[in-house]
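Below, each chain spelled out in residue letters.
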Amino acid sequence: GENVEQHPSTLSVQEGDSAVIKCTYSDSASNYFPWYKQELGKGPQLIIDIRSNVGEKKDQRIAVTLNKTAKHFSLHITETQPEDSAVYFCAASMGSARQLTFGSGTQLTVLP
Amino acid sequence: GAVVSQHPSWVICKSGTSVKIECRSLDFQATTMFWYRQFPKQSLMLMATSNEGSKATYEQGVEKDKFLINHASLTLSTLTVTSAHPEDSSFYICSALTGPSSYNSPLHFGNGTRLTVT
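Residues numbered from 1 in each chain as written. Chains lettered and ligands numbered in written order. Predicted model: local features only at pLDDT ≥ 70, side-chain atom pairs only at ≥ 80, totals over all residues. Heavy atoms only, no water.

Enquirer: I tried to follow the overall build of chain A on my own but got confused; where do I start?
Expert: Per the secondary structure count, chain A includes 0 helices and 11 strands. Taken from N to C terminus, the helices and strands of chain A fall in the order β-β-β-β-β-β-β-β-β-β-β. Radius of gyration (C-alpha) of chain A: 13 Å, near the 13 Å computed for a compact globule of 112 residues. Counting only C-alpha atoms, chain A reaches 40 × 30 × 20 Å along its principal axes. Within chain A, the fraction of its 112 residues that count as buried is 46%. Sequence-distant contacts, at least 24 apart, represent 53% of the contacts inside chain A between residues at least 6 apart. Approximately 5,400 Å² of chain A is accessible, and the part contributed by carbon and sulfur atoms is 46%. Averaged over its 10 positive side-chain charges, chain A has a centre that lies 7 Å from the centre of its 12 negative ones. (Helix = DSSP H or I, 4+ residues; strand = E, 2+ residues; numbered from the N terminus. Rg over C-alpha atoms; globule rule 2.2 N^0.38 Å. Buried < 20%, exposed > 50% of the residue type's maximum accessible area, 1.4 Å probe, protein only. Contact = heavy atoms within 4.5 Å. Areas by Shrake-Rupley, 256 points an atom, 1.4 Å probe, with all protein chains shown as cover. Lys, Arg positive; Asp, Glu negative; His and termini not counted. Charge placed at Lys NZ, Arg CZ, Asp CG, Glu CD.)

Enquirer: In this structure, what is going on with the environment of Pro8(B)? I would like to understand it.
Expert: Residue and element names in this part refer to chain B. Mapped onto the secondary structure, Pro8 falls in the loop between strand 1 (4-7) and strand 2 (10-13). Sequence-wise, Pro8 and Arg114 are 106 residues apart; in three dimensions their C-alpha atoms are separated by 8.3 Å. Pro8 has contacts with Lys20, Ile21, Gly112 and Thr113, leaving out every residue within four places of it along the chain.

Enquirer: Hey, could you run me through the sheet that holds strand 8 (residues 76-81) of chain B in this one?
Expert: In a beta sheet, neighbouring strands pair by backbone hydrogen bonds and run either parallel or antiparallel. Residue and element names in this part refer to chain B. Reading across from one edge, 1-3-8-7 is the order of the 4 strands in this open sheet, with antiparallel pairing throughout. Each having just a single partner strand, strand 1 and strand 7 (67-73) make up the two edges of the open sheet. Across the sheet, the mean angle from the axis of one strand to that of its neighbour is 15°, orientation sign disregarded. Relative to strand 8, strand 3 (residues 19-25) runs antiparallel, the two being bridged by 6 bridges. Paired with Arg24 across the strands is Leu76, a residue of strand 8. (Pairing = 2+ DSSP bridges. Axes fitted to C-alpha atoms, helices over the stretch in contact; angles between N-to-C directions.)

Enquirer: Help me understand the state of the cysteines, please; the structure alone is not making it clear to me.
Expert: Disulfide: a covalent bond formed between the sulfur atoms of two cysteine residues. All names here are of chain B. Scanning the entire structure with this criterion turns up 2 disulfides over all chains. With a sulfur-sulfur separation of 2.0 Å, Cys23 is cross-linked through a disulfide to Cys94. Handedness of the Cys23-Cys94 disulfide follows from its S-S torsion of about 80°: it is right-handed. You can see Cys23 sitting in strand 3 and its partner Cys94 sitting in strand 9 (residues 90-97), a full 71 residues away along the chain. Neither Cys23 nor Cys94 differs from the other in exposure class; each is buried. Cys13 carries a free sulfur, and the closest cysteine sulfur to it, the one in Cys94, is 18 Å from it. Exposure remark for Cys13: the relative accessible area of 8% places this residue in the buried category. (Disulfide = S-S within 2.5 Å.)

Enquirer: I would appreciate a short explanation of the sheet that holds strand 7 (residues 62-67) of chain A in the present structure.
Expert: All names here are of chain A. With antiparallel pairing, 5 strands are arranged side by side in an open sheet as 1-3-8-7-6. Of all the strands in the sheet, the pair left with one neighbour each is strand 1 (4-7) and strand 6 (56-59). Across the sheet, the axes of successive neighbouring strands diverge by a mean angle of 15°, strand direction being ignored. Of the strand pairs in this sheet, strand 7 and strand 8 (residues 72-77) are connected by 6 bridges, and their pairing is antiparallel. Bridged to Leu66 within strand 8 is Phe73.

Enquirer: Could you clarify how one ought to interpret the interface of chain A and chain B in this entry?
Expert: Where interface size is given, it is often the accessible area lost as the parts come together that is meant. Between chain A and chain B, the contact holds 21 residues from the first and 24 residues from the second. Taking both partners together, chain A and chain B bury about 1,700 Å²; carbon and sulfur atoms supply 54% of that area. Taken together, the links from chain A to chain B amount to 4 residue pairs in polar contact (both at pLDDT 80 or more). Where the side of chain A that touches chain B is concerned, the elements lending two or more residues are strand 4 (32-38) and strand 5 (45-51) of chain A. Per-class residue counts for the side of chain A that touches chain B are 8 nonpolar, 9 polar and 4 charged. (Buried area = accessible area lost by both parts, 1.4 Å probe. Polar contact = N/O pair within 3.5 Å; in protein donor to acceptor, adjacent residues only side chain to side chain. Nonpolar A, V, L, I, M, F, W, Y, C, P; charged D, E, K, R; others polar.)

Set out below in structure tokens:
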């Protein structure tokens, strides 16, 4: 089955700096890659997703890049703010939500 | 849009009792919902797929008789933890698809239920 590895497990940045979280996946058949933000005591919230026919997608301060050849994708957050502090999960899917495989999560802390 | 409501947000129960958790799609119809379990500082583990009008599909290692799932309408799925024990204490999260399950439709999550069994 699919295996998704996520790095780093923890990340601290100064407010205003950029943060990058990287994920690799094992199955080249995966074609959908969402990113979720989970705040303490809450469920994950979809923040951005990308499909395999696209190399990059941007939504305001958040961007995701996908390298299908290398089988890795990354989340980029620019101009970080304290409210960006949360756990971020990447995921990969081959065709259905049931097949969605999550990474292990990254605890992002934005220091004021 | 695409709001998933989960209730209760936390519950404490005594060992041996049963607990029901509700998951509702508030502004859309969800033929498919999913139930996850999350341990502290860990990722989400899929427990089962809840299909409206049919039996749930459980992942390997998940006890069907312990975690009863009912999806009686297009907006409501319930998870009942039967004869709960302390090891069942965990964070349970539901999610719902906003489109066809076969095409990577966005998955939206509820806010989770913290279950503590004493």
